[in-house]
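Structural overview
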Amino acid sequence: MVELRKRKAPAPPPVVEKKSKPAPKAKAASSTKATETASEKPKSKVPEVGDTIDLDSFGGDIEIQDGTQTTLKKLVEESKSGVVLFTYPKASTPGCTKQACSFRDNYKHLSSTGLSIYGLSADSAKANTTFKTKQNLPYPLLCNPSATLIGAIGFKKAPKGTTRGVFAVDKKGKVLLREAGGPDATVDAVQKLVAEGSNGVEEPEEDREEGEKEKEESGKDDEKKDDERKGDEKEDEEKEEEAGEKTEEK
C-alpha cells in the first residue's frame, strides 16, 4: 500500500508595507497674505480742523513756480500768522482761472490778518509760471507733481488728479480750515475764516497798530468834514436870512 504524503501548504507571500505618501504641504497663502499686509504702508490720517500737524515732516518737498525748493514748514515760518493753500486741478483751465482770479481780486482782504496765500497743484513750474504771469497773480504758485503735499491735506484723487479745495494752518501747525469746493466756495471759506478773526489767528501787532492809526486819522478827517459841513450849513442859513430881509424891505 502506497503511503500518500501531505504536501505542505505554501508559505504566504511576505507582506510588503506600502510607504504612505507624505501629505502635501499646505500652501502658505495665509502667511503670504499676512506678509503682504504687513509690508503695506499704513495710510496717513488726513488732518481735520482743530488737529495739529507735525510741520517738520508734513507734505515733503515742494517747488515754487520760480524753481525755489521749499516745504510747508518753511512757508509757515516765513508767514506772519499762517498759510492758506488753495488747490486746483489744472492751471489755465476755466474753473481754475476763475478760482485763481477770485483769490487775486480778494487778495488784500484775505491776507489782511497775516495769512500767506498760495495756489497748489500738480502742474509743472513752466505751466504755473505761465498761469501766474498771464493772470497777474499776486501770490506764488506751488508745484507738486508727486502730490505729496496735495495728498497729505486730503485733496489727491485716485489714481491721479487733484480735488479743488482749500487748507489753512497757523504758525503752530493747527489746522484752521480744510474744505473741498468750487472756485467761489474756496474763496468764501477763507473770507469767513478772516471775518471770524481767523479762528484763533490774531492780527499781527504792526498791522493792528497801523489800523488803529488809520482809524484815528480817519476820525480826525470825519471831525474836520463835519465842522466844514456845519459851517456850510450856517453860511447857507445866513444867506437865506439875508435874502429874506431884502425881500421884506422891498
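Residues numbered from 1 in each chain as written. Predicted model: local features only at pLDDT ≥ 70, side-chain atom pairs only at ≥ 80, totals over all residues. Heavy atoms only, no water.

Looking only at helices and strands, the protein features eight helices and seven strands. By the burial criterion, 32% of the 250 residues in the protein qualify as buried. Across the protein, every contact between residues at least 6 apart in sequence was considered, and the portion connecting residues at least 24 apart equals 65%. Surface summary for the protein: the accessible area is close to 17600 Å², and the carbon and sulfur share equals 50%. (Helix = DSSP H or I, 4+ residues; strand = E, 2+ residues; numbered from the N terminus. Buried < 20%, exposed > 50% of the residue type's maximum accessible area, 1.4 Å probe, protein only. Contact = heavy atoms within 4.5 Å. Areas by Shrake-Rupley, 256 points an atom, 1.4 Å probe, with all protein chains shown as cover.)

Attention shifts here to the environment of L110. Checked against the element boundaries, L110 lands in helix α4 (residues 107-110). Along the sequence, L110 and Q191 sit 81 residues apart, while their C-alpha atoms lie 6.2 Å from each other. Setting aside chain neighbours within four positions, we find L110 in contact with F103, L115, I117, V187, V190, Q191 and V194.

Taken in spatial order, the seven strands of this open sheet run β2-β1-β5-β4-β3-β6-β7, and their pairing is mixed. This sheet does not close on itself; its edge strands, each paired only once, are β2 (69-71) and β7 (175-180). Ignoring which end each strand starts from, the neighbouring axes of this sheet average 30 degrees apart. Sheet analysis places strand β3 (residues 82-87) next to strand β6 (residues 165-170), joined by six bridges and oriented antiparallel. Residue L85 lies in a different strand from β6, and its bridge partner there is F167. (Pairing = 2+ DSSP bridges. Axes fitted to C-alpha atoms, helices over the stretch in contact; angles between N-to-C directions.)

A few words on the packing of aromatic side chains. Two aromatic rings, taken as a pair, are described by how far apart their centres are and by the angle between their planes. The final tally for this structure, using the stated rule, is six aromatic pairs. With a centroid separation of 6.4 Å and an interplanar angle of 10 degrees, the aromatic rings of F58 and F167 are classed as stacked. Taken together, the positions of F58 in the loop between α1 (29-39) and β1 (61-64) and F167 in strand β6 put the pair 109 residues apart, joining distant regions of the chain. The same class applies to F58 as to F167, namely buried. Summarising the aromatic geometry, the rings of F86 and Y88 are spaced 5.9 Å apart at their centres and angled 40 degrees between planes, so their arrangement reads as tilted. You'll find F86 and Y88 in the same group, each marked buried. (Phe/Tyr/Trp six-rings, centres within 6.5 Å; stacked < 30°, edge-to-face > 60°.)

We now examine the pairing of β7. Pairing of β6 with β7 involves five bridges; the strand directions are antiparallel. Within the sheet, the bridge partner assigned to A168 lies in β7 and is L177. What sits between the antiparallel neighbours β6 and β7 is a turn of four residues, in which G173 has the positive phi angle 90 degrees.

Nonpolar side chains tend toward joint burial in soluble globular proteins. Core analysis: the largest hydrophobic core is formed by 23 residues, its most contacted members being F86, F103, Y139 and V190. Of all the elements in the fold, those that place two or more residues in this core are β3, α3 (94-105), β4 (115-121), β6, β7 and α7 (183-195). For this core, the leading source of residues is α7, giving five residues. Excluding its chain neighbours within four sequence positions, the residues that come into contact with Y139 are F86, A100, C101, F103, R104, Y107, I117, G119 and K132. Counting residues in hydrophobic clusters, the runner-up holds 22 residues, among them F58, L75, I150 and A152. (Core = buried A, V, L, I, M, F, W, Y, C linked by side-chain atoms within 4.5 Å.)

With that out of the way, let us pick up the environment of D105. Within the element layout of this structure, D105 appears in helix α3. Its relative accessible area of 55% is what places D105 among the exposed residues. Each C-alpha atom, one on D105 and one on P138, is 9.3 Å from the other, the two residues being 33 residues apart in sequence.

Here we come to helix α5 (residues 125-135). Along α5, the residues that are buried comprise N128, F131, K132 and Q135. Buried residues along α5 cover an arc of 95 degrees about the axis, so they all sit on one side. Facing away from the buried surface of α5 by more than 90 degrees, the exposed residues are K126, T133 and K134. Check the buried side of α5 and you find it contacts α3, β4 and β5 (141-143). Directly beyond the C-terminal end of α5, a positive phi value near 55 degrees is found at N136. (Arc of directions from axis to C-beta.)

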